[in-house]
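# Summary of the model geometry
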Amino acid sequence: MFELLLLAGILAAAWGLWKTLSRPQDSGGGLPSSGDKKEIALEALSSIWARHKNTEIFLGQLAGIWREQGQPQTGPAEFADPVFQHPEIQEFYGRHVKDRHFSAAAAGDVIREILGLLDQEGDCPSVVNEKLNEGSLEKNAYDLLAQIPLYRHSLDVAEELIKAFKESPAAIPKVLIASLGHDLGKLPSYRKTLYTMGDHPLMSVTVLESLQGYGGLSYREEINRAISSHHRNPQGLLEEKLKEADMAARRLELARNVREHVESTSALAGPERPGEPTPPARTAGAPGLAERVQAGQIQNGCVTNGFISYAPEKKEVVAMKEVPILWFDAERFLAELKPYINRLDGDRWSAFSMPDGHVYFQTGVIEEIAKKLGKGNPDIALMDADKELKRNILYSVVCSLRREKEAIARGLIKDAYFGGPFIIRMLGGREISSYYTPFKAEAFGETVSYFEELKTGKIKEIEEMRPKIQK
């Protein structure tokens, strides 16, 4: 009995399917009407999967497959692939946009419109210096990056971000819009009308919002957050990866130009003060900075109370990590630090010794020497524009000095930091709080008495130096 019922069900389903497929349609494709029956071959029905044979289809692409089948075929696509005047943009479009599953959708239209804007106006410099974020770049880095046109930088960032999402192909439309659009606020025509906003990431979002089709994207808000925070403290995955891609692109761009910059300045380099060591000549055959970058070996003070002070922002708790500092040489770094000890600049100092055998350096001095010895290195050039990068470089220098020369006074600062808060008690009882890195006097090859004899003026009024107890 069960077999008979099953057979009856199958026959009924087949009859219903035949009736549906054979039902005539009116000329408008609406309600059925009398007329000839329409036959649909099984081969035609199977075209949905047959034409994707041996092809990986990701979940994000499936909607496009059945949407595509359900739409009337009216001939050619509604858009023609654009022709860009910049070969790099044309090549990028061919590799990452043309014939992709999103190309005929709204995301494809937005991407083509962004590329069109970059093609038309993107020959402008990729850095601006009107109280925007790049204003914190050191001058040499700014001059080098100003030679990189905006369209080229945007493509560089896009390439880096695509690599970061290589395991998530469904996210590529979102990735392309965020990376290609992150600096649109720097385009001359938009800067003229939107400059009062004073922040190119926000200006970039405004430009994107004006593009046809952008407002209907489901991930529009995620892109807006990523672009708005790519020079600040990102939170989400796209935000973090966009900031990383932007910095990676800048390192790459500096590396492209660094050889000429280093060679043009090295001939003029010499001691900045009498008695300071001259930079050693490059060993014949040794790889230069540009070669090391290309080989993947490089990855990634204010005046107060009469002395120079440098300290991190208050209440800021950050985890620091070591980063590659291939330019670093411990012996030379200590030699560069030594002339600062007990030297006065008017009534100000940046380093002083104590009779207990410790020498204290304001962290601004360590930063200054790092910039001098690492000149031409992409990370050094970018450190003023990225607080996290700066902290990690200074931390890496202190860790290397501690490890290679045992130069850092353990116990006075935590190993997880490159300096710490101290209180200086002056003659007469006045106390001054500041941020220092403590060294051992013997690391500089001199006795404590030698350094004590160098003291003059207000440095001689320092009576006590003690770590500040943090509650």
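Conventions we followed
- Residues numbered from 1 in each chain as written.
- Predicted model: local features only at pLDDT ≥ 70, side-chain atom pairs only at ≥ 80, totals over all residues.
- Heavy atoms only, no water.
- Helix = DSSP H or I, 4+ residues; strand = E, 2+ residues; numbered from the N terminus.
- Buried < 20%, exposed > 50% of the residue type's maximum accessible area, 1.4 Å probe, protein only.
- Areas by Shrake-Rupley, 256 points an atom, 1.4 Å probe, with all protein chains shown as cover.
- Polar contact = N/O pair within 3.5 Å; in protein donor to acceptor, adjacent residues only side chain to side chain.
- Contact = heavy atoms within 4.5 Å.
- Pairing = 2+ DSSP bridges.
- Axes fitted to C-alpha atoms, helices over the stretch in contact; angles between N-to-C directions.
- Salt bridge = Lys/Arg side-chain N within 4 Å of Asp/Glu carboxyl O.
- Core = buried A, V, L, I, M, F, W, Y, C linked by side-chain atoms within 4.5 Å.
- Phe/Tyr/Trp six-rings, centres within 6.5 Å; stacked < 30°, edge-to-face > 60°.
- Lys NZ or Arg CZ within 6 Å of the ring centre and 35° of its normal.
- pLDDT = per-residue confidence, 0-100.
- Arc of directions from axis to C-beta.
- Parallel < 35°, antiparallel > 145°, perpendicular 65-115°, else oblique.
- Left-handed = near helix turned anticlockwise from the far one by under 90°.
- Nonpolar A, V, L, I, M, F, W, Y, C, P; charged D, E, K, R; others polar.

Moving on, we get to the overall build of the protein. For the protein, the helix and strand inventory stands at 19 helices and 9 strands. Here the protein holds 471 residues, and the buried ones make up 41% of them. Accessible surface for the protein amounts to roughly 26100 Å². Of this, 54% is attributable to carbon and sulfur atoms.

Mapped onto the secondary structure, N342 falls in the loop between α15 (330-337) and β3 (344-345). N342 gets classed as buried once you look at its relative accessible area, which sits at 4%. There is a polar contact of 2.7 Å between the side chain of N342 and the backbone oxygen of F451. If we ignore the near neighbours within four places in the chain, the residues touching N342 are A351, F352, S353, F451, E452, L454, K455 and I459.

Whenever strands of a sheet pair, they do so through backbone hydrogen bonds, lying parallel or antiparallel. Spatially, 5 strands are ordered β5-β6-β8-β7-β9 in an open sheet, and the strand pairing comes out antiparallel. The open sheet is flanked by β5 (351-353) and β9 (462-467), the only strands paired with a single partner. When strand polarity is set aside, the average angle formed by the axes of neighbouring strands in this sheet is 40 degrees. Judged from the 6 bridges that link them, strand β7 (residues 420-426) and strand β8 (residues 431-440) form a sheet pairing that is antiparallel. Across the sheet, residue P421 finds its bridge partner in β8, namely Y435. Most of the contacts of helix α16 (residues 363-373) go to strand β6 (residues 358-362), to which it runs at about 70 degrees, and overall it touches β6 and β8.

The element β6 is largely enclosed, with a buried count of 4 among its 5 residues. In sequence, β5 turns back onto β6 through a hairpin of 4 residues, with G357 there showing a positive phi of about 95 degrees. For β6 and β8, the ladder comprises 5 bridges, and the chain directions are antiparallel. Looking across to β8, one finds that Y360 is bridged to P438.

All chains considered together, the criterion is met by 28 salt bridges. Of the charged contacts in the structure, one is a salt bridge between R95 and E91, with a shortest N-O distance of 2.4 Å. With R95 and E91 both in helix α5 (residues 87-96) and 4 residues apart, the pair spans about one turn of that helix. Residue R95 is classed as partly exposed on the basis of its relative accessible area of 37%. Linking K405 and E331 is a salt bridge whose minimum nitrogen-to-oxygen distance equals 2.5 Å. Note that K405 is positioned in helix α18 (residues 387-405) and E331 in helix α15, a separation of 74 residues in sequence.

Counting residues in hydrophobic clusters, the biggest one holds 57 residues, and the most contacted among them are W327, F333, F352, F361, L401 and F439. The leading source of residues in this core is α18, at 8 residues. Once residues within four sequence positions are removed from consideration, F361 is found in contact with L337, Y340, I341, S350, A351, Y436, T437, F439 and F444. Membership of the second largest hydrophobic core comes to 45 residues, among which are L150, Y151, V207 and L217.

Phi angles above zero are rare outside glycine, and D99 is one such case at about 65 degrees. With relative accessibility at 68%, the residue D99 sits in the exposed group. One non-glycine residue with positive phi stands out, namely N342, at about 60 degrees.

Here the focus is the packing of aromatic side chains. Within the structure shown, the criterion is met by 14 aromatic pairs. By the ring-pair criterion, three or more aromatic residues cluster together here, those being W349, F352, Y360, F422 and Y436. Between R343 and the ring centre of Y340, over which it is positioned, the NZ or CZ distance is 4.7 Å.

Quick look at the confidence of the model for the protein now. On average, residues of the protein carry a pLDDT of 74, and 63% of them reach 70 or more. In the model, residues 20-35 has pLDDT below 50 throughout and makes 15 contacts with residues more than four positions away in sequence or in other chains. Low pLDDT, under 50, characterises residues 265-316; the predicted model gives this stretch 79 contacts beyond four residues in sequence or across chains.

A few words now on α5. Structural remark: α-helix, 3.6 residues per turn; residues separated by three or four positions point the same way. Residues of α5 that are buried: I89, F92, Y93 and H96. One side of α5 carries all its buried residues, which in axial view fall inside an arc of 100 degrees. Structurally, α5 contributes buried residues whose contacts are with α6 (106-121), α8 (150-164) and α9 (172-181).

Let's shift gears to the packing of α15 against α16. Two elements in contact, α15 and α16, have axes whose closest approach is 10 Å; the angle formed by their N-to-C orientations is 125 degrees. Judged on the interaxial angle alone, α16 and α15 are oblique. The handedness of the crossing between α15 and α16 is right-handed. Contact residues: α15 offers R332, F333, E336 and L337, while α16 offers V365, I366, I369, A370, K372 and L373. When its residues are assigned to classes, the contact of α15 with α16 shows 7 nonpolar, no polar and 3 charged.

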